[in-house]
Amino acid sequence: MNTEALLLTTRSARPPFLILTLSCISLGVAIALSTPGVDVHLVDVFLILLAGIASHISVNAFNEYFDFRSGLDELTERTPFSGGSGLLPTHPDLDNNVLLMAIVSLAACIGIGLYFTAIHGMVPLVIGAVGVLLIITYTHLITRSPFSSLLAPGIAFGPLMIIGSVYVLSGSISTTAIIASLIPFLLVQQ
């Protein structure tokens, strides 16, 4: 893949929206840092951030790829907040690159989740499994229902990212983490 193709392919990650992942994970980190007796390790923060960004890129790239392959992109009027990046209708030759980015991002997310599961037990596995299920069912199943489309992003950015971050960093799920996770849960919608 040449440099131009690589740069174009990254558009399907929808970089301007990745700030939401940074914000939610930062909130989880802040909660863990404010927990008495908790020693937050920068490597763990980095891995959590990497897993969160990888999951967000993965769902975006899968959505971009499958909407293009189904022909939906040709029927959708793009807005700044919906309709994808517009990359594949203008560069259909990059469809396999976008699919590869989705798969590699998902694999990175799963790998980091398994690492944290080995260290912290089943809680990261359960949280991660729900996240992976949301990623792989988002385009084909979740977006078919207005109610599911409303709930899924809120669950991903609220409880999964915030509570997951706090748990991995502190070893517990606090009331503060649960309450804080409700903010993106209620505000983030498709």
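Note that the structure is a prediction, hence the values are computed from the model and not measured.

With respect to the overall build of the protein
Line of reasoning, step 1. For the protein, the helix and strand inventory stands at nine helices and zero strands.
Line of reasoning, step 2. Traced from its N-terminal end to its C-terminal end, the protein shows the element sequence α-α-α-α-α-α-α-α-α.
Line of reasoning, step 3. Compactness check: the protein gives a C-alpha radius of gyration of 17 Å against a globular reference of 16 Å for 190 residues, within 12% of the reference.
Line of reasoning, step 4. Its C-alpha atoms give the protein principal-axis dimensions of about 55 × 35 × 25 Å.

Here we look at the packing of helix 8 (residues 146–170) against helix 9 (residues 175–187)
Line of reasoning, step 1. Relative orientation of the contacting elements helix 8 and helix 9 amounts to 150 degrees, with a least axis distance of 8 Å. With respect to their mutual orientation, helix 8 and helix 9 come out roughly antiparallel. The way helix 8 lies across helix 9 gives a crossing that is right-handed. In this structure, helix 8 contributes Leu-151, Gly-154, Ile-155, Phe-157, Gly-158, Pro-159, Ile-162, Ile-163 and Val-166 to the contact, and helix 9 contributes Ala-177, Ile-178, Ala-180, Ser-181, Pro-184 and Phe-185.
Line of reasoning, step 2. Class assignment of the residues belonging to the contact of helix 8 with helix 9 gives a composition of twelve nonpolar, three polar and no charged.

Things to note about unusual backbone geometry
Line of reasoning, step 1. Even without being a glycine, Arg-14 presents a positive backbone phi close to 55 degrees.
Line of reasoning, step 2. The topology assignment puts Arg-14 in the loop between helix 1 (3–10) and helix 2 (19–33).
Line of reasoning, step 3. The class of Arg-14 is buried, set by a relative accessible area of 14%.

Some points on the nonpolar core
Line of reasoning, step 1. Among the nonpolar cores identified, the biggest contains 25 residues, and Phe-62, Leu-87, Leu-88, Leu-94 and Val-98 are the most heavily contacted of them.
Line of reasoning, step 2. Those elements giving two or more residues to this core turn out to be helix 1, helix 3 (42–70), helix 5 (87–90), helix 6 (95–120), helix 7 (122–137) and helix 8.
Line of reasoning, step 3. Examining the composition of this core, we find that six residues originate from one element, helix 3, more than from any other.
Line of reasoning, step 4. By size, the runner-up hydrophobic cluster in this structure holds 22 residues, among which are Ala-32, Ile-48, Ile-163 and Ala-177.

Brief notes about helix 3
Line of reasoning, step 1. The terminal C-alpha atoms of helix 3, which comprises 29 residues, lie 42 Å apart, in line with the 42 Å expected from a rise of 1.5 Å per residue.
Line of reasoning, step 2. The first or second residue beyond helix 3 is Gly-71, which carries a positive phi of 90 degrees.

Some remarks on a nonpolar patch on the surface
Line of reasoning, step 1. Taken together, the side chains of Ile-110, Leu-114, Met-122, Leu-125, Val-126 and Val-130 define a hydrophobic patch exposed on the protein surface, amounting to about 500 Å² of accessible area.
Line of reasoning, step 2. At four residues, the largest contribution of residues to the nonpolar patch is made by helix 7.
Line of reasoning, step 3. Relative to the helices and strands, Val-126 is located in helix 7.

Focus on helix 1
Line of reasoning, step 1. For helix 1, the set of buried residues is Ala-5, Leu-8 and Thr-9. Down the axis of helix 1, the buried side of the element spans an arc of 100 degrees, and every buried residue falls inside it. Residues of helix 1 that are exposed and point over 90 degrees away from its buried face: Thr-3 and Leu-7.
Line of reasoning, step 2. On its buried face, helix 1 sits against helix 5 and helix 6.

Criteria and cut-off values
Residues numbered from 1 in each chain as written. Predicted model: local features only at pLDDT ≥ 70, side-chain atom pairs only at ≥ 80, totals over all residues. Heavy atoms only, no water. Helix = DSSP H or I, 4+ residues; strand = E, 2+ residues; numbered from the N terminus. Rg over C-alpha atoms; globule rule 2.2 N^0.38 Å. Axes fitted to C-alpha atoms, helices over the stretch in contact; angles between N-to-C directions. Parallel < 35°, antiparallel > 145°, perpendicular 65-115°, else oblique. Left-handed = near helix turned anticlockwise from the far one by under 90°. Contact = heavy atoms within 4.5 Å. Nonpolar A, V, L, I, M, F, W, Y, C, P; charged D, E, K, R; others polar. Buried < 20%, exposed > 50% of the residue type's maximum accessible area, 1.4 Å probe, protein only. Core = buried A, V, L, I, M, F, W, Y, C linked by side-chain atoms within 4.5 Å. Expected span 1.5 Å × (residues − 1). Patch = residues over 30% accessible without salt bridge, like charges linked within 9 Å, V, L, I, M, F, W, Y side chains within 5 Å. Areas by Shrake-Rupley, 256 points an atom, 1.4 Å probe, with all protein chains shown as cover. Salt bridge = Lys/Arg side-chain N within 4 Å of Asp/Glu carboxyl O. Arc of directions from axis to C-beta.

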